[in-house]
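# Summary of structural features
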Amino acid sequence: MTVEAEAGRLGDDADEPGWEVDPDDEWGIAVIATVGRQLKLRREAVGMRAGEFGAAVGYGEDLVYKVEGGKRIPRQEYLDRADEVLDAGGLLSAMKEDVAKVRYPKKVRDLAQMEARAVEIGVYENSNIAGLLQTEEHMRALFGAWLPAYSDEETERMVAARMVRRSIFERSPAPTLSFVQEESTLRRPVGGRMVWCRQLERMLELGELRNVSIQVLPTDVEEHFGTGGIIEVLKFPDGTAVGRTEGAFNGRPVTDPKQIRILDLRYSMIRAQALTPRESRAFIEQMLGES
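Everything numeric here is computed off the predicted structure, so don't read it as measured data. (Residues numbered from 1 in each chain as written. Predicted model: local features only at pLDDT ≥ 70, side-chain atom pairs only at ≥ 80, totals over all residues. Heavy atoms only, no water.)

## Details of the overall build of the chain
Quick reminder of the rule: Elements are defined by DSSP. Helices are runs of H or I of four residues or more, strands are runs of E of two residues or more, and each kind is numbered from the N terminus. Only protein chains enter the calculation, and the probe is 1.4 Å; a residue is then buried if its accessible area is under 20% of its type maximum, exposed if over 50%, and partly exposed in between. Two residues qualify as a contact provided that any one of their heavy atoms is within 4.5 Å of a heavy atom in the partner residue. For accessible areas, the Shrake-Rupley method is used with a probe of radius 1.4 Å. Any residue's cover is judged against the shown protein chains and nothing else. We count Lys and Arg on the positive side and Asp and Glu on the negative side, and we leave His and both chain ends out. Taken as the charge location is NZ of Lys, CZ of Arg, CG of Asp or CD of Glu.
On a plain count of helices and strands, the chain comes out with 13 helices and 7 strands. Structurally, the chain occupies a C-alpha span of about 70 × 45 × 35 Å along its principal axes. Taking all 291 residues of the chain together, the buried fraction comes to 46%. Taking the contacts inside the chain whose residues are at least 6 apart along the sequence as the reference set, 72% of them involve residues at least 24 apart. Looking at the chain as shown, the accessible area adds up to about 15,200 Å², and 51% of this sits on carbon and sulfur atoms. Taken as two groups, the 39 positive and 50 negative side-chain charges of the chain have centres that lie 4 Å from each other.

This is the structure we're talking about:
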């Protein structure tokens, strides 16, 4: 991503590029510890001190120690520069693939893995644009508005994690994706008018995909089955499914067929109350025309 390329050569540890390792992610900790040991062994093999190496790759000495100690996740450009400085012949750069898998929080990776296996995904959102539909600018505006405020590093990590999930739209065979958005989520100009317009345009673009259905639930609907909050249902090739809603099961993911049927019923009723995909498209186009 461009945010990684623009990370720059920073001396203040609070701003140095890299992310903390998720303490609950055992596999991620093992991967980063292995990468750190390899970097340290390579550096020591060529007789470079940590400070000298840091200066050569353009990062602070403290970050070098943290990466080598498995306390910090190195970004891709760090590994590329290390490979060049230590004349590793591509061995250090090759670790980018493994590092890329642990850059995101475990919960996000688990979700992305489920989305990658799903053949059908249904999402109802009543407070924000669904994450899979968001533009990068919209994401940043949302994260920037939350309190207590996230650090720049936390924001970049969450944006990167959400961006990687968008690969679902390029999957083959393509899964069936349906989204129902409350009208209010479309009318809120998150990030300002230009960001808002681009977000609506993005939804129109995705709505043109044959496997994607986007519907709008008007605010003036009297009988509303979505008052319990968001609903997400993912269905897999073997007939199993996982779902979640804020209004039942303590908001936790569920897999029991009876509970999935409840979520399916609620989501089906919400879809029935919403505008059709064609009507929803016209609705969004009208909003853009009024902007």
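## Thoughts on the packing of helix α3 (residues 50-57) against helix α5 (residues 76-85)
Stated precisely, the cut-off is as follows: Lines are fitted to the C-alpha atoms to define the axes, a helix being fitted only along its stretch in contact, and any angle between axes, read from their N-to-C directions, falls within 0 to 180 degrees. Note that the term roughly parallel is reserved for angles under 35 degrees, roughly antiparallel for angles over 145, roughly perpendicular for angles of 65 to 115, and oblique for everything else. In this scheme the crossing of two helices becomes right-handed for a clockwise turn of the near helix relative to the far one and left-handed for an anticlockwise turn of less than a right angle.
Look at α3 against α5: their axes get within 9 Å of each other, and the N-to-C directions meet at 110°. In terms of axis orientation, α3 runs roughly perpendicular to α5. As for how α3 packs across α5, the hand of that crossing is right-handed. Between α3 and α5, the residues in contact are Phe 53, Ala 56 and Val 57 and Tyr 78, Arg 81, Ala 82 and Val 85, respectively.

## Structural notes on the confidence of the model for the chain
Spelled out, the test is: Along the chain, pLDDT gives the predictor's confidence residue by residue, from 0 to 100.
Here the chain averages 87 in pLDDT, while 91% of its residues score no lower than 70. Taken together, the stretch residues 1-17 has pLDDT below 50 and engages in 41 contacts with residues farther than four places along the chain or on a different chain.

## Details of the packing of helix α8 (residues 136-145) against helix α9 (residues 152-164)
Convention followed: Gly falls in the polar group here, along with every residue not listed as nonpolar (Ala, Val, Leu, Ile, Met, Phe, Trp, Tyr, Cys, Pro) or charged (Asp, Glu, Lys, Arg).
Packing of α8 against α9 brings their axes to within 10 Å, and their N-to-C directions diverge by 140°. Relative to α9, α8 is oriented oblique. Seen along the crossing, α8 lies across α9 with a hand that is right-handed. In this structure, α8 contributes Glu 136, Met 139, Arg 140 and Phe 143 to the contact, and α9 contributes Thr 155, Glu 156, Met 158, Val 159, Arg 162 and Met 163. Counted by class, the contact of α8 with α9 contains 5 nonpolar, 1 polar and 4 charged residues.

## So, the nonpolar core
Put simply, the rule reads: Each nonpolar core is a collection of buried residues, namely Ala, Val, Leu, Ile, Met, Phe, Trp, Tyr and Cys, held together in the definition by side-chain atoms within 4.5 Å.
Core analysis: the biggest nonpolar cluster contains 29 residues, and Leu 133, Phe 169, Phe 179 and Leu 186 have the highest contact counts within it. Listing elements by their share of this core, those giving two or more residues are β3 (120-125), β4 (176-182), α11 (193-207), β5 (212-217) and α13 (277-290). Of all the elements, α11 adds the most residues to this core, at 6 residues. Within the second largest apolar cluster, 23 residues are counted, among which are Leu 39, Tyr 59, Leu 86 and Met 95.

## Details of unusual backbone geometry
Both trends apply: most residues other than glycine have a negative phi, and most peptide bonds are in trans. Following Leu 147, the chain continues into Pro 148 via a peptide bond in cis, with omega recorded as -5°. The backbone of Asp 87 sits at a positive phi, close to 50°, despite the residue not being glycine. Tracing the backbone through its elements, the reader meets Asp 87 in the loop between α5 and α6 (96-102).

## Here's the deal with the packing of aromatic side chains
Describing an aromatic ring pair means giving the distance of the ring centres and the angle of the ring planes. Rules: Centres within 6.5 Å are what make two rings of Phe, Tyr or Trp a pair, Trp counting through its six-membered ring; a difference in plane orientation under 30 degrees is then read as stacked, over 60 as edge-to-face, and the rest as tilted. For a lysine, the NZ atom is tested; for an arginine, the CZ atom; a charge sits over a ring if that atom is within 6 Å of the ring centre and within 35 degrees of the ring normal.
All chains considered together, the criterion is met by 5 aromatic pairs. Relative to Tyr 150, the ring of Trp 146 lies with its centre 5.6 Å away and its plane at 55°, an arrangement referred to as tilted. Cluster of aromatic residues (ring-pair linked, three or more members): Phe 53, Tyr 59 and Tyr 78. The aromatic ring of Phe 236 is capped on one face by Arg 117, whose charged end is 4.3 Å from the ring centroid. Its guanidinium or amino end placed over the ring of Phe 169, Arg 202 lies 5.9 Å from that ring's centre, counting from NZ or CZ.

## A look at the pairing of strand β7 (residues 241-245)
Under the convention used in this document: When DSSP finds at least two bridges between two strands, those strands are taken to pair.
Summarising burial for β7: 4 of the 5 residues are buried, a large majority. Joining the antiparallel neighbours strand β6 (residues 231-235) and β7 is a turn of 5 residues, in which Gly 239 adopts a positive phi near 90°.

## Brief notes about a nonpolar patch on the surface
Selection criterion: Patch rule: a residue counts if its relative accessible area is over 30% and it has no salt bridge; like charges are joined within 9 Å, and nonpolar side chains (Val, Leu, Ile, Met, Phe, Trp, Tyr) within 5 Å. By salt bridge we mean one thing: a side-chain nitrogen of Lys or Arg within 4 Å of a carboxyl oxygen of Asp or Glu.
Taken together, the side chains of Phe 225, Leu 265 and Met 269 present a nonpolar region at the surface, about 270 Å² in accessible area. Summarising the element assignment, Phe 225 is placed in the loop between β5 and β6. With a relative accessible area of 37%, Phe 225 lands in the partly exposed category.

## Here we look at helix α4 (residues 61-68)
For the α-helix, the turn length of 3.6 residues means that residues three or four positions removed from each other point alike. Quick reminder of the rule: As used here, the arc belongs to the directions running from the helix axis to the C-beta atoms.
Looking only at α4, the buried set comprises Leu 63, Val 64, Val 67 and Glu 68. Buried positions in α4, seen along its axis, are confined to an arc of 130° and lie on one side of it. Buried residues in α4 make contact with α2 (26-45), α3, β2 (72-73) and α5. Note on α4: the residue one or two positions beyond its end, Gly 70, has a positive phi of about 70°.

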